[in-house]
Amino acid sequence: MIALVNISYLIAMLSFILGLKFLSSPSKAKHGNILAGTGMVLAVIVTLISQFFGFSVSINLLLILLAIVTGTIVGKRMSDRVEMTAMPQLVSLFNAMGGGCAMLLGIMEARLGTPPSSASLILLWSGLIIGAASFSGSVIAYRKLAGKQKDKRTRMIMYVSRILLVSFLVIPGLYLTNLLPLGLVSVTLILSSLALVYGILFVLPIGGADMPVVISLLNSLTGIATALAGILYNNTIMIAGGIFVGAAGILLTLLMCNAMNRSIFAVIGGKFNGSGVSSGDEEEIEIKATSIGETATKLAFAQKVAIVPGYGLAVAQAQHLCSQLQAILEEKDTEVHYIIHPVAGRMPGHMNVLLAEADVHYDKLKEMDLVNDEMNEYDVTIVIGANDVVNPAAEQDENSPIYGMPIIKAYNSREVVVIKRGMSKGYAGVENRLFGYDNCQLLFSDAKVALSGLINELKVL
Amino acid sequence: MLEFFNENQEMIYFLILCTFLGIEIIANVPAILHTPLMSGANAISGVILVGAIIIMQKIDPQDYVSLTIGTISVFLGTLNIAGGFFVTGRMLSMFGNKKKK
């Protein structure tokens, strides 16, 4: 039996490694997902067999099977029903589930009352605290992305967070030195409640724009909690799976921070770069409005068109219209490229998923870095539902909150048309200087209306 | 502490190697796959379910409180795994469709 378990765990671990590896290459990603999933099913089944084989059917086993079946059905339904724009929230929610599981695991372990060594107690509590914080933090991140929760940034939150952090060291310390007149279970419950509060306070001050980074970080934390529990149980597959995710998650978090030119500490501190007060916001920006007809004419005469999509496009569900517009332009021998900012959408790569859903071909998607120096080759750049990622203030105004963030140099193309519903500011809350440029015109309209208008005009032209 | 280190030496070596491996295998991921990768990794961290099953086996069938907590934890772990893999599959299938064209 032991041999069966060990071999199965080994196979499962290999499937995780290869799965993650394949998931990071475009042509094999699909297989990677299936492979890792299969490995997971194997690990779970073998664990079930090894734990319950030879015993009579117990209530414990029945409850496990019941929970697994309902969990699978609910998970499948949730993932089938989700809108692609709501994907980041869902990932965050699923991550919360893993964190919650890690927390409950710690509580049960404490209730079992196995008198472990102080080293294993530390492992138990670390896993519990990280799991609980990841759970409540992910729920807050979910609520923020779903627009149900606003940012809160007060000194109070900062101080309480610090006190909580200290208490995570002090309370276990007191218990281990027998200075705390409380039982193992009580201490564990206190720690998990404090960690839940900490998770909430951790995410509350962080700006909505930084949520992708936070989700990635929390995801990584759940992995670490899993690995810690794995050491406790001496279980190789938990350690391997957990730490792969922990390590990969941290790397991914840093990659995302780099893409936004934000330091991880600034993100966690809920800070924006610069003083937050833009020096240039007094000067009135003169805007030039344009119409659908005018824009359509421009497009009809253009040789090369760039589309800069943003989250607004996805919210308006206009990806499909976007790909229709592309098709019409291509019939007229106009070259169309999509230029994707690394953090377009609500998660890195989110925009790619959204456009893929609308059957936009992979070759048409250009990463920002690859085309930024050639922006002057585009006759018309259409910015749809994006704002901060084309704001030249990021390059010019040292006091701007977004200063230093890499941007798409849309202003270098011959003409820019920004499709926008109104003069509202972008996610970062900054005035967009691009609108004042001579070659920039604004088309005030809903993305869907504007795009279908353009398509109709172009059909006639 | 030292005792723990001695007893679990292999485990600690394993942990360290896995950390580097975890970083190494995804180092070259293109931005286009960040979201599916995060989602897939998230599903893998659901392997905590294995721990939940192990501990469920140890629980006294009379201890209803622990049984309830355990059942919830198995449910949450499964949800993390199943939801994670299904949703990643859905994202990736969109990349797949257009390739056939």
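Numbering of residues begins from 1 in every chain and follows the order in which that chain's sequence is written. Ligands are numbered from 1 and chains lettered from A, in the order in which they are written. Owing to the predicted nature of the model, reporting of local features is limited to residues with pLDDT of at least 70; listing and counting of side-chain atom pairs is limited to 80 or more, with chain, interface and lining totals taken over all residues.

### Concerning the overall build of chain A
Along chain A, the regular secondary structure elements total 17 helices and six strands. Its C-alpha atoms put chain A at 75 × 45 × 30 Å along the principal axes. When the 461 residues of chain A are sorted by exposure, 51% land in the buried category. Note that contacts rest on C-beta atoms placed from the backbone: two residues are in contact if these are within 7 Å. Across chain A, every contact between residues at least 6 apart in sequence was considered, and the portion connecting residues at least 24 apart equals 79%. Secondary structure elements follow DSSP: runs of H or I no shorter than four residues count as helices, runs of E no shorter than two count as strands, and numbering proceeds from the N terminus. Residues with at least 20 other C-beta atoms within 10 Å of their own are called buried, those with 12 or fewer are called exposed, and the rest are partly exposed. The C-beta atoms themselves are positioned from the backbone.

### Thoughts on the overall build of chain B
A tally of helices and strands in chain B yields five helices and zero strands. Each helix and strand of chain B, ordered N terminal to C terminal, gives the series α-α-α-α-α. A globule of 101 residues ought to have a C-alpha radius of gyration of about 13 Å, yet chain B, at 19 Å, is considerably larger. Judged by the C-alpha coordinates and their principal axes, chain B covers about 60 × 35 × 15 Å. Counting across all 101 residues of chain B, residues that qualify as buried make up 53%. Relative to all contacts within chain B whose residues are 6 or more apart in sequence, the contacts with residues 24 or more apart total 66%. The atom set for the radius of gyration is the C-alpha atoms, and the globule formula is 2.2 Å times the number of residues raised to the power 0.38.

### So, the UniProt feature "domain: NAD(P) transhydrogenase alpha subunit C-terminal" (unreviewed entry) in chain B
UniProt positions are given in the numbering used here, feature names are shortened, and annotations may be inferred rather than shown by experiment. As recorded in UniProt, the feature "domain: NAD(P) transhydrogenase alpha subunit C-terminal" (unreviewed entry) lies at residues 12-95 of chain B. Between the first and last C-alpha atoms of residues 12-95 of chain B the distance is 39 Å; the span itself is 81% helix and 0% strand.

### Section: the interface of chain A and chain B
Facing 94 residues of chain A, the contacting portion of chain B comprises 77 residues. With 17 residues, helix 4 (residues 87-112) of chain A is the largest single contributor of residues to the side of chain A that touches chain B. Residues are sorted three ways: Asp, Glu, Lys and Arg are charged, Ala, Val, Leu, Ile, Met, Phe, Trp, Tyr, Cys and Pro are nonpolar, and all the rest, Gly among them, are polar. A class-by-class count of the residues in the side of chain A that touches chain B yields 53 nonpolar, 33 polar and eight charged.

### Comments concerning helix 13 (residues 319-331) of chain A
Residue and element names in this part refer to chain A. In this analysis, the expected span of each helix is defined as 1.5 Å times one less than the number of residues it contains. The terminal C-alpha atoms of helix 13 lie 19 Å apart, and with 13 residues this matches the ideal 18 Å at 1.5 Å per residue to within 8%. Along helix 13, the residues classified as buried are Q319, L321, C322, S323, L325, Q326 and L329. Buried-residue contacts for helix 13 involve helix 11 (292-301), strand 1 (304-309), helix 12 (311-315), strand 2 (335-340), helix 14 (350-357) and helix 17 (447-460). Positive phi shows up at D333, right after helix 13, with a value of about 60 degrees.

### So, the packing of helix 13 of chain A against helix 17 of chain A
Residues and elements named next belong to chain A. Only the contacting stretch of a helix is used when fitting its axis, a line to C-alpha atoms as for every element, and angles between N-to-C directions run 0 to 180 degrees. Close contact between helix 13 and helix 17 brings their axes to 9 Å; oriented N to C, the two are set at 20 degrees. By the angle class used here, helix 13 and helix 17 are roughly parallel. Helix 17 is crossed by helix 13, and the crossing has left-handed handedness. The segment helix 13 lies against helix 17, with L321, C322, Q324, L325 and I328 engaging K448, L451, S452, L454, I455, L458 and K459. For the contact of helix 13 with helix 17, the class distribution of residues is eight nonpolar, two polar and two charged. Just so you know how the angles are binned, under 35 degrees is roughly parallel, over 145 roughly antiparallel, 65 to 115 roughly perpendicular, and the rest oblique. For any helix crossing, the convention is left-handed if the near helix is rotated counterclockwise from the far helix by under a right angle, and right-handed if that rotation is clockwise.

### Focus on the UniProt feature "transmembrane region" (unreviewed entry) in chain B
All names here are of chain B. Mapped onto this numbering, the UniProt entry gives "transmembrane region" (unreviewed entry) at residues 12-33, 40-59 and 65-92. Helix makes up 64% of residues 12-33 and strand 0%. Its end C-alpha atoms lie 31 Å apart. The span residues 40-59 is 80% helical and 0% strand by assignment, and the distance between its end C-alpha atoms comes to 31 Å.

### Side note on helix 7 (residues 184-203) of chain A
Residue and element names in this part refer to chain A. With 20 residues, helix 7 should reach 28 Å at 1.5 Å per residue; the first-to-last C-alpha distance of 29 Å fits that figure. Buried within helix 7 we find T188, L191, S192, A195, L196, Y198, G199, L201, F202 and V203. Check the buried side of helix 7 and you find it contacts helix 4, helix 5 (118-145), helix 6 (155-176) and helix 8 (211-233).

### Some remarks on the domain arrangement of chain A
Per the annotation, domain bounds derive from an automatic or database assignment of domains. By domain assignment, chain A separates into domain 1 (1-81), domain 2 (83-271) and domain 3 (279-460). Put simply, the middle of domain 2 of chain A and the middle of domain 3 of chain A, counted by C-alpha atoms, are 38 Å apart.

### Considerations on the nonpolar core
In this structure, A:L20, A:F244, A:V305, A:V308, A:V383 and B:L49 are the most contacted members of the largest nonpolar core, which totals 179 residues. Excluding residues within four positions of it along the chain, A:F244 makes contact with A:F16, A:L20, B:C18, B:L21, B:G22 and B:I44. Here, a nonpolar core means buried Ala, Val, Leu, Ile, Met, Phe, Trp, Tyr and Cys residues linked by C-beta atoms lying within 7 Å of one another.

### With respect to the sheet that holds strand 2 of chain A
To summarise the sheet geometry, strands pair through backbone hydrogen bonds and adopt either a parallel or an antiparallel arrangement. All names here are of chain A. Paired strands, in this sense, are two strands between which DSSP finds at least two bridges. Ordered by their spatial adjacency, six strands build an open sheet running 3-2-1-4-5-6, and the pairing between neighbours is parallel. Either end of the sheet is taken by a strand with one partner, and the two such strands are strand 3 (365-367) and strand 6 (440-444). Each strand axis lies, on average, 25 degrees off the axis of its neighbour in the sheet, ignoring direction. Examined bridge by bridge, strand 2 and strand 3 share three bridges and lie parallel to one another. Across the sheet, I339 pairs through a bridge with K366, a residue of strand 3. Of the strands in this sheet, strand 1, strand 2 and strand 3 touch helix 14, which is tilted by about 145 degrees from strand 2.

### Let's talk about the packing of helix 5 of chain A against helix 7 of chain A
Residue and element names in this part refer to chain A. Contact geometry of helix 5 with helix 7 gives a least axis separation of 7 Å together with a crossing angle of 35 degrees. Crossing angle aside, the handedness with which helix 5 passes helix 7 is right-handed. Counted together, W125, L128, I129, A132, A133, S134, F135, S136, G137, I140 and A141 of helix 5 and T188, L191, S192, A195, L196, Y198, G199, I200, F202 and V203 of helix 7 form the full contact between these two elements.

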